[in-house]
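# Close look at the chain arrangement
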Amino acid sequence: MTTHFYTATSLDGFIATPEHSLDWLLKQDFDEEGPMAYPAFIEGIGALAMGASTYEWLRKHDSVWSYEQPTWVFTHRALETPEGADVRITQANIRDVHAEMTAAANGKDLWIVGGGDLAGQFADQGLLDEVWLQYAPVMLGAGAPVLPRALNLELIELARNRSFLCGRYRVAG
Ligand SMILES: NC(=O)c1ccc[n+]([C@@H]2O[C@H](COP(=O)([O-])OP(=O)(O)OC[C@H]3O[C@@H](n4cnc5c(N)ncnc54)[C@H](OP(=O)(O)O)[C@@H]3O)[C@@H](O)[C@H]2O)c1
């Protein structure tokens, strides 16, 4: 069982603008059947975790909740959940949530959707195994940081997917 942080980023290391816009990303050309693409990745995922900003972005922009997997949303607020979806609002500690996710995932992998600091909180506990970065050909100058931690990574896979430079890294400590 592997815990992944899989995300797109600008070349200067931001996953959203300061206003939480992803317009710079959504206009890029990406082959859903190409290397390191999302459909193949999500097939191996049994449980998800995300922070409140990421959750609120998805709720605002997606008309339906698109994940079948149980999803933990970290927040200190009482956020509403989509009807019929397995969304669990939590402020429990990272280690306990990781254990719950592992139990729920039925042997599949875990995906930390974002943001970067939440992925960092899993890394702080030694619970982040891989970082997948899809680099869009954009500089944002400021925004939500991709992974604001001091971490050593080992490059284990590299590909081009149309506009994107895609790197898959193992967290080395
Ligand atoms: N480029 C991409 O592919 C990609 C991928 C993922 C996300 N994004 C975007 O990146 C941005 C990320 O936003 P962000 O940096 O603010 O990160 P975020 O993790 O989405 O949200 C941060 C919030 O999560 C809650 N939180 C985090 N850790 C917690 C903990 N241990 N316990 C309880 N609550 C916790 C807090 O919410 P409360 O204030 O409610 O307590 C915190 O303010 C979003 O705009 C998202 O849409 C982009």
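In short, a report on the structure.

Quick notes on the rules
Residues numbered from 1 in each chain as written. Predicted model: local features only at pLDDT ≥ 70, side-chain atom pairs only at ≥ 80, totals over all residues. Heavy atoms only, no water. Helix = DSSP H or I, 4+ residues; strand = E, 2+ residues; numbered from the N terminus. Contact = heavy atoms within 4.5 Å. Buried < 20%, exposed > 50% of the residue type's maximum accessible area, 1.4 Å probe, protein only. Salt bridge = Lys/Arg side-chain N within 4 Å of Asp/Glu carboxyl O. Near = heavy atom within 4 Å. Polar contact = N/O pair within 3.5 Å; in protein donor to acceptor, adjacent residues only side chain to side chain. Areas by Shrake-Rupley, 256 points an atom, 1.4 Å probe, with all protein chains shown as cover. Nonpolar A, V, L, I, M, F, W, Y, C, P; charged D, E, K, R; others polar. Patch = residues over 30% accessible without salt bridge, like charges linked within 9 Å, V, L, I, M, F, W, Y side chains within 5 Å. Phe/Tyr/Trp six-rings, centres within 6.5 Å; stacked < 30°, edge-to-face > 60°.

## A look at the side chain of Ser 10
- Among the structural elements, Ser 10 can be located in strand β1 (residues 3-10).
- Beyond its immediate stretch of four places on either side in the chain, Ser 10 contacts Trp 24, Tyr 135, Ala 136, Val 138 and Leu 140.

## A closer look at helix α3 (residues 52-61)
- If you check which residues of α3 are buried, you get Ala 52, Thr 54, Tyr 55, Trp 57 and Leu 58.
- Those residues of α3 that are buried are in contact with α1 (23-26), β3 (45-51), β4 (71-74), β5 (87-90) and β6 (109-114).

## A closer look at the pattern of salt bridges
- Counted by the stated rule, this structure contains eight salt bridges.
- In this structure, the salt-bridge partner of Glu 56 is Arg 77, at a minimum N-O distance of 3.2 Å. Taken as a pair, Glu 56 in helix α3 and Arg 77 in the loop between β4 and β5 lie far apart in primary sequence, 21 residues in all.
- One network of salt bridges, in which partners are shared, links Asp 117, Asp 124 and Arg 149.

## Section: the site of the ligand
- In the vicinity of the ligand there are 22 residues, among which His 20, Thr 54, Thr 75, His 76 and Arg 77 approach most closely.
- Side-chain polar atom of Ser 53 to an oxygen atom of the ligand: 2.8 Å apart, as the coordinates give it.
- Between the ligand and the protein, one listed contact pairs an oxygen atom with a side-chain N or O atom of Arg 77 at 2.7 Å.
- In isolation the ligand exposes 920 Å². Once the protein is present, 79% of that is buried.
- Contributing elements (two or more residues each) for the shell around the ligand: β1, β2 (14-16), α3, β6 and α5 (116-124).
- Here the element with the most residues in the shell around the ligand is α3; it accounts for four residues.
- Across the shell around the ligand, the residue classes break down as 11 nonpolar, 10 polar and one charged.

## Notes on a nonpolar patch on the surface
- A surface patch of nonpolar side chains, amounting to about 300 Å² of accessible area, comprises Leu 155, Leu 158 and Leu 165.
- One can find Leu 155 in strand β9 (residues 153-161).

## Focus: the environment of His 61
- Summarising the element assignment, His 61 is placed in helix α3.
- Residue classification places His 61 among the partly exposed residues on the basis of a relative accessible area of 45%.
- Between the alpha carbons of His 61 and Val 97 there is a distance of 26 Å; along the sequence they are 36 residues apart.
- At 2.9 Å, the side chain of His 61 and the backbone oxygen of Trp 57 are in polar contact.

## With respect to the packing of aromatic side chains
- In the structure shown here, the tally under the stated rule is 12 aromatic pairs.
- For the pair Tyr 6 and Trp 111, a centre-to-centre distance of 6.1 Å together with 90° between the ring planes defines the contact as edge-to-face. Linking Tyr 6 in strand β1 with Trp 111 in strand β6, this pair joins segments that are 105 residues apart in sequence.
- Judged by its relative accessible area of 7%, Tyr 6 is buried.
- Where Phe 41 meets Trp 111, the ring centres are 5.5 Å apart and the plane angle is 85°; that geometry is what we call edge-to-face. Taken as a pair, Phe 41 in helix α2 (residues 38-43) and Trp 111 in strand β6 lie far apart in primary sequence, 70 residues in all.
- Overall, the relative accessible area of 5% leaves Trp 111 in the buried class.
- Taken together through their ring pairs, the aromatic side chains of Tyr 6, Tyr 38, Phe 41, Tyr 55, Trp 65, Tyr 67, Trp 111 and Trp 132 make up a single cluster.

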